[in-house]
Amino acid sequence: MAFIKKTTSELTCNPFTTIGKDWFLLTAGTPEDFNTMTCSWGAMGVIWNVPSVTAYVRTTRHTFGYLEGGNTFTISVFPEEYRKALSFCGSHSGRDTDKVKETGLTPIELDGAPAFAEAKLVLVCEKMYSQMLETSEFADKSLLDTFYAKDAMHKMYIGRVLAAYVQE
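Note that the coordinates shown come from a computational prediction; the quantities given were computed from them, not determined experimentally.

J.: A description of the overall build of the protein should follow, citing residues and the corresponding values.
T.: On a plain count of helices and strands, the protein comes out with five helices and 10 strands. The C-alpha atoms of the protein give 15 Å as radius of gyration, which agrees with the globular expectation for 168 residues (15 Å, within 12%). Overall, the C-alpha framework of the protein stretches about 45 × 40 × 30 Å when taken along its three principal axes. In the protein, buried positions account for 40% of the 168 residues. Across the protein, every contact between residues at least 6 apart in sequence was considered, and the portion connecting residues at least 24 apart equals 73%.

J.: Help me get a handle on the pairing of strand E9 (residues 121-132), residues and values and all.
T.: Across six bridges, strand E6 (residues 72-77) lies against E9 in antiparallel orientation. Each bridged residue has a counterpart across the sheet, and for Thr72 the counterpart in E9 is Glu126. Summarising the sheet, E9 and strand E10 (residues 154-167) pair through 11 bridges and their orientation is antiparallel. From the neighbouring strand, Glu126 faces E10, where its bridge partner is Arg160.

J.: Hey, could you go over the packing of aromatic side chains for me, with residue numbers and the actual values?
T.: Applying the stated criterion to the full structure yields seven aromatic pairs. Judged by centre distance (6.1 Å) and plane angle (65 degrees), the ring pair of Trp48 and Tyr129 falls under edge-to-face. Highlighted residues: Trp48 in the loop between strand E4 (42-47) and strand E5 (50-58) and Tyr129 in strand E9, separated in sequence by 81 residues. Here Phe78 and Phe116 contribute two aromatic rings whose centre-to-centre distance is 6.3 Å and whose plane-to-plane angle is 45 degrees, an arrangement assigned as tilted. Here Phe78 is found in the loop between E6 and helix H3 (83-91), whereas its partner Phe116 is found in strand E8 (residues 113-116), with 38 residues between them in sequence. Each of the two residues, Phe78 as well as Phe116, counts as buried.

J.: Which residues make up H3, and what values do they have?
T.: Buried within H3 we find Ala85, Leu86, Phe88 and Cys89. All buried residues of H3 lie within an arc of 155 degrees about the axis, which places them on one face of the element. Residues of H3 that are exposed and point more than 90 degrees away from the buried face comprise Lys84 and Ser91. On its buried side, H3 packs onto strand E2 (24-29), strand E3 (34-39) and helix H4 (99-103).

J.: Describe the pairing of E5, listing the residues and the values that go with them.
T.: Across the nine residues of E5, seven count as buried, placing the element largely inside the fold. The pairing of E4 with E5 spans six bridges and is classified as antiparallel. By the bridge assignment, Ala43 is partnered in E5 with Thr54. Connecting the antiparallel pair E4 and E5 is a turn made up of two residues, with Trp48 showing a positive phi of about 55 degrees. Bridge count between E5 and E10: seven bridges; the pairing is antiparallel. What sits directly across from Thr54, in E10, is Ile158.

J.: Report on the nonpolar core, specifying residues and quantitative values.
T.: Generally speaking, soluble globular proteins have nonpolar side chains that are buried together. Counting residues in hydrophobic clusters, the biggest one holds 22 residues, and the most contacted among them are Leu26, Ile75 and Leu123. Among the elements of the structure, E2, E3, E5, helix H2 (62-69), E6, E9 and E10 are those that each provide at least two residues to this core. For this core, the element with the most residues is E10, which contributes four residues. With sequence-adjacent residues up to four places away left out, Leu123 is seen in contact with Leu11, Met44, Val53, Phe73, Thr74, Ile75, Val161, Ala163 and Ala164. Ala85, Cys89, Ala113 and Ala115 belong to the second-largest nonpolar core, a separate cluster that totals 16 residues.

The rules behind these values
- Residues numbered from 1 in each chain as written.
- Predicted model: local features only at pLDDT ≥ 70, side-chain atom pairs only at ≥ 80, totals over all residues.
- Heavy atoms only, no water.
- Helix = DSSP H or I, 4+ residues; strand = E, 2+ residues; numbered from the N terminus.
- Rg over C-alpha atoms; globule rule 2.2 N^0.38 Å.
- Buried < 20%, exposed > 50% of the residue type's maximum accessible area, 1.4 Å probe, protein only.
- Contact = heavy atoms within 4.5 Å.
- Pairing = 2+ DSSP bridges.
- Phe/Tyr/Trp six-rings, centres within 6.5 Å; stacked < 30°, edge-to-face > 60°.
- Arc of directions from axis to C-beta.
- Core = buried A, V, L, I, M, F, W, Y, C linked by side-chain atoms within 4.5 Å.

Interpretation in functional terms is not warranted from these geometric data alone.
See the structure below:
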C-alpha cells in the first residue's frame, strides 16, 4: 500500500470518530529525532480560513518539548488492529522507552515530518497558535477536579493542515 496525497476537502473521516474513538498519534520533531504520543482529544475544522487540527498536550509529556521546539507535527490515524500499539504509546514515555521498537511501528517521512507507514491517514501540520489552558477561564469548574486535580494542565496547539495522505 502507498500513501496518496489528497486535499482536505476530499477526506471523508468523521472527526468525532477519528479523534474520540479511533485516537491518533501526534508526532513532533524531525525524522531523525522525534517523539510520538497517543491523543483522544482534539478537533478538526477550519479556523482563519484554513483547514486545521487542534491538539492538547500536557506539559509533562515528552512530546511537549518536541512541539515547543519545532514548527511542524503530524497526526497519524490507524486502523483498529493497531489499537494495542496506540495504547502502548499513550501509556509509556518516550523518555524511558523506544516506542518504535516496542510497538513495531515503521517511521516514515512525509514532507519532512515524521509519521508512520501503518497509518490509514496522516495530516502534516504547521503550528499557527498555541496557548496554555488557564484554570481561571474554565466556565465549568468541575472539569478542573475531573481532569487536572492530579495531572498537569494542557497546552492547546492549532495547526494548519499542510498536507493530507491516505493509504490506498
